[in-house]
Amino acid sequence: MAKPAIRTMRLTEKHVSLTARAIADPGFVPLPGYRIATDADYAALVDELIASAPPEGFWVFAYGSLLWNPDFDFVDHRLGTARGWHRSFCLGWDYRWRGSAETPGLMLALDRGGQCDGALYRLPPDALRPNLDRLVR
């Protein structure tokens, strides 16, 4: 039995023109019943994360955009697998970056079950607070 031919994706200008939007960024608008996080909220979360940090170092698991754009400092990295979790488009309705108010989109997150391969990054112990602050924001 012959293997099926591998299809090559071709992105054309016509495809891009079908997705382009000329809508201004509305900025973050919280859903009803929610509020925008304050600097104090972020500081409290960072304090909680630092208090729970194991003595051998604070590692971040990257499975999406942090794989190719780790917007934080790190002193070590390696491949890793999160067992019991898988990638899924399950995070909220995003109207700002992956949709619009009329047609919101879902964002990638981890959901229960399966496993997810990714990368582990160890944050520098002497700069834990500023790096965690960047991550939570």
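Located above this text is the structure these notes cover.
Here is a short report on the structure shown in this document. (Residues numbered from 1 in each chain as written. Predicted model: local features only at pLDDT ≥ 70, side-chain atom pairs only at ≥ 80, totals over all residues. Heavy atoms only, no water.)

### Description of the overall build of the protein chain
Rules: Elements are defined by DSSP. Helices are runs of H or I of four residues or more, strands are runs of E of two residues or more, and each kind is numbered from the N terminus. The atom set for the radius of gyration is the C-alpha atoms, and the globule formula is 2.2 Å times the number of residues raised to the power 0.38. With a 1.4 Å probe rolled over the protein chains alone, any residue whose accessible area is under 20% of its type maximum counts as buried; one over 50% counts as exposed, and the rest are partly exposed. By the convention used here, residues are in contact when the closest approach between their heavy atoms is within 4.5 Å. Per-residue accessibility takes into account occlusion by the displayed protein chains alone, with areas from the Shrake-Rupley method and a 1.4 Å probe. Charge assignment: positive for Lys and Arg, negative for Asp and Glu; neither His nor the chain ends contribute. Positions of charges follow a simple convention, taking NZ of Lys, CZ of Arg, CG of Asp or CD of Glu.
Along the protein chain, the regular secondary structure elements total 4 helices and 3 strands. Along its sequence from the N terminus, the protein chain presents helices and strands in the succession α-α-β-α-β-β-α. What you see for the protein chain is a C-alpha radius of gyration of 19 Å, clearly larger than the 14 Å of a compact globule of 137 residues, by over 25%. Referenced to the eigenvectors of the C-alpha coordinate spread, the extents of the protein chain come out at roughly 50 × 50 × 30 Å. Here the protein chain holds 137 residues, and the buried ones make up 19% of them. At a minimum sequence separation of 6, the contacts of the protein chain that also span at least 24 residues come to 70%. Split by element, the accessible area of the protein chain, about 10800 Å² in all, is 59% carbon and sulfur. Here the protein chain carries 16 positive and 16 negative side-chain charges, and the mean point of each set is 10 Å from the other.

### So, the side chain of S88
Note on placement: S88 falls in strand β2 (residues 76-94). Judged by its relative accessible area of 17%, S88 falls in the buried class.

### A short note on the packing of aromatic side chains
Here the distance between the centres and the angle between the planes together describe a pair of aromatic rings. Put simply, the rule reads: Each Phe, Tyr or Trp ring, with Trp reduced to its six-membered ring, pairs with another whose centre is within 6.5 Å; inter-plane angles below 30 degrees give stacked pairs, above 60 give edge-to-face pairs, and intermediate values give tilted ones.
What the rule picks out here adds up to 4 aromatic pairs. When the ring of F72 is compared with that of F74, the centres are 6.3 Å apart and the planes differ by 65°; the resulting orientation is edge-to-face. Overall, the relative accessible area of 4% leaves F72 in the buried class.

### Observations regarding the nonpolar core
Note the cut-off: Throughout this description, the term nonpolar core refers to a set of buried Ala, Val, Leu, Ile, Met, Phe, Trp, Tyr and Cys residues connected via side-chain atoms within 4.5 Å.
Within the largest apolar cluster, 10 residues are counted, these being V46, F58, V60, A62, F72, A119, Y121, L123, L128 and L132. Counting only elements with at least two residues in this core, the list comes to β1 (59-62), β3 (105-122) and α4 (128-136). Not counting chain neighbours up to four residues away, the residues in contact with V60 comprise L66, F72, A119, L120, Y121, L123 and L135.

### Some points on the environment of A109
With respect to the secondary-structure elements, A109 resides in strand β3. A109 sits in the buried class, given a relative accessible area of 10%. Sequence separation between A109 and R87 is 22 residues; the distance between their C-alpha atoms is 5.8 Å. Residues contacting A109, with those up to four places away along its chain left out, are Y63, H86, R87, S88, C90 and L91.

On their own, these measurements won't tell you what the molecule is for.
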